[in-house]
Amino acid sequence: MTKEELWKAVLGEMELSLSKANFTTWFKNTSILANEGVLVIVGVPNGFIKEWLENKFHKQILTSIQTFSPEIREIKYTIGNSLPQSTIKKDFSQFITERVFENKQPADINPQTNLNKKYSFDSFIVGSHNELAHAASSAVAKNLGKAYNPLFIYGGVGLGKTHLLQATGNKILEDDPTKKVLYIPSERITAEIVESVRNKNVEELKSRYAKLDMLIVDDIQFIAGKEKTQDIFFATFNELYGKNKQIILSSDRPPKAIPALEERLRSRFEGGMIADINIPDFETRLAILKLKTKQKDIILDENVLGYIATNIQKNIRELEGALNRIIAVSQIYNKTLDVKEVKKLLATYLSTPYKKTTPQLILKSVSDFYNISPSDLIKRSRKKEVVRPRQIAMYLLREETKSSFPEIGQKLGGRDHSTVIHAYEKVKTEEETDEITKQEIVLIKERIYQSFDK
Ligand code: ADP
Ligand code: MG
């Protein structure tokens, strides 16, 4: 069905349910400007009609359009009978991707090492907040297993731990591609251990790890409280350590502050070098913003960068998010923004950082989007209509609230964390490779953040 045929069919249905005068008033001179599978854009003659369609007829139009094209999830209304020039110029999916705060680039992850090439020392700004951690990591990269072992890096969310860990791994492979390096988040290693216990092949797992030259475990704090996992991890740690193989760990807090961490592990973690990462100062925040704009090949007013650096202080990920949002908006409207406009744009962002995204809001946005009820996400059902939304919900809970995998499993009806990890990784891959999934996630995120604005 072409988009013209689709709209004609929808109009046919609407006409049947409305009086002639009503139908003419609201639907004359409307058309579908773009049909992108998940999203359609409907052009309307003026703002008044746009508002009415959005507020009074949206549900009905959506239901009708879905009877002809079930994959459509979202309708946007725009004034005019063609899309703005700037939209047409661009790849459409890029256009909507840019409309959310983070415009993610496709990940370039090596399946052998789990390392992402984008994290390098070159793209890492050094300031007084991370000087020690950076120096220790560079020393490790130059002198594997001999400088500091283990190296333990800790600091708050979004301050560059993962970046530094991965940069170290990448540097080692760059200097010597024969080295065996593995980067793994602690939740994944936990899942692997649990799985190997279940399948009775712990020894195989241990020997796989024993072959490494460097093991990097990110967010090790999540290992706490898991007895069997700590047991096996301890053995692996000792094996590598005994052979002078490098171990790097990160955590959101120092070893002594991780509750329910076994004493023998704590003392091992404290046995090498401990380096912290703090909150960057203004100069460093500005330098990071400048580097990111340079990477994106974009020039922004110095005052605008200064404004962002002044107002977002505690989290580099948020700093980048704000920058991406400004870039997206200035591209959509095809103009450079001044400080006043940026201030307005970031007002909602600043008052509602993503930390405040609640799991409830995410579950509601996902279930609304897929037209199911939030309780369907929690129930045991394996029906296709709910399995996929549930996986998407798991993914978004992880990405947007940084909940741990077991917490997410708990929220979704007491599911096992390995199920959550599986879902997370599946959706993550799909988001990078599948256009429809990418669009769906963009649109759901828009819903989440729009509810903030209200
Ligand atoms: P953490 O693991 O501590 O939560 P990340 O390493 O994921 O934080 O960093 C969050 C974002 O900020 C990443 O996109 C990362 O590239 C960026 N970032 C953090 N520190 C720096 C830095 N010093 N220079 C450049 N980018 C940084
Ligand atoms: Mg991290």
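- As recorded in an unreviewed UniProt entry, the chain goes by Chromosomal replication initiator protein DnaA.
- The annotation that UniProt attaches to the chain under Subcellular location (unreviewed entry) is "Cytoplasm".

1. Side note on the confidence of the model for the chain
Phase 1 of the analysis: Overall, the predicted model of the chain reaches an average pLDDT of 88, with 91% of residues at or above 70.
Phase 2 of the analysis: For the stretch residues 88–93, pLDDT sits under 50, and the model shows 14 contacts to residues farther than four places along the chain or on other chains.

2. Some points on the site of ligand 1
Phase 1 of the analysis: Neighbouring ligand 1 are 18 residues, the closest being Ile 125, Gly 158, Thr 162, His 163 and Glu 320.
Phase 2 of the analysis: Residue Lys 292 places a side-chain N or O atom 3.1 Å away from a nitrogen atom belonging to ligand 1.
Phase 3 of the analysis: The protein chains hide 94% of the 560 Å² of surface that ligand 1 would expose on its own.
Phase 4 of the analysis: Counting only elements with at least two residues in the shell around ligand 1, the list comes to α7 (161–175), α12 (282–295) and α14 (316–332).
Phase 5 of the analysis: Of the residues that make up the shell around ligand 1, three or more belong to each of domain 2 (131–277) and domain 3 (286–350).

3. Considerations on the sheet that holds strand β8 (residues 273–277)
Each strand in a sheet pairs with another by means of backbone hydrogen bonds, the pair being arranged parallel or else antiparallel.
Phase 1 of the analysis: Reading across from one edge, β5-β6-β7-β4-β8 is the order of the 5 strands in this open sheet, with parallel pairing throughout. This sheet does not close on itself; its edge strands, each paired only once, are β5 (181–185) and β8. Put simply, the sheet's adjacent strands are angled 15° from each other on average, direction ignored.
Phase 2 of the analysis: The pairing of strand β4 (residues 151–155) with strand β7 (residues 246–251) spans 4 bridges and is classified as parallel.

4. Things to note about the pattern of salt bridges
Close approach of charged atoms allows side chains with opposite charge to pair.
Phase 1 of the analysis: Under the counting rule described, the total for this entry stands at 24 salt bridges.
Phase 2 of the analysis: Here Arg 388 and Glu 430 are joined by a salt bridge, their closest N and O atoms 2.9 Å apart. Of the two residues, Arg 388 sits in helix α18 (residues 384–401) while Glu 430 sits in helix α20 (residues 417–433), which places them 42 residues apart along the sequence.
Phase 3 of the analysis: Because the salt bridges share partners, they merge into one network encompassing Arg 388, Lys 426, Glu 430 and Glu 440.

5. Details of the UniProt feature "domain: AAA+ ATPase" (unreviewed entry) in the chain
Phase 1 of the analysis: Using the residue numbers shown here, the UniProt feature "domain: AAA+ ATPase" (unreviewed entry) corresponds to residues 147–292.
Phase 2 of the analysis: Strand forms 18% of residues 147–292 and helix 49%; the C-alpha atoms that close the span are 31 Å apart.

Procedures and definitions
- Residues numbered from 1 in each chain as written.
- Chains lettered and ligands numbered in written order.
- Predicted model: local features only at pLDDT ≥ 70, side-chain atom pairs only at ≥ 80, totals over all residues.
- Heavy atoms only, no water.
- UniProt positions renumbered as here; feature names shortened; annotations may be inferred.
- pLDDT = per-residue confidence, 0-100.
- Contact = heavy atoms within 4.5 Å.
- Near = heavy atom within 4 Å.
- Polar contact = N/O pair within 3.5 Å; in protein donor to acceptor, adjacent residues only side chain to side chain.
- Areas by Shrake-Rupley, 256 points an atom, 1.4 Å probe, with all protein chains shown as cover.
- Helix = DSSP H or I, 4+ residues; strand = E, 2+ residues; numbered from the N terminus.
- Domains from an automatic or database assignment.
- Pairing = 2+ DSSP bridges.
- Axes fitted to C-alpha atoms, helices over the stretch in contact; angles between N-to-C directions.
- Salt bridge = Lys/Arg side-chain N within 4 Å of Asp/Glu carboxyl O.

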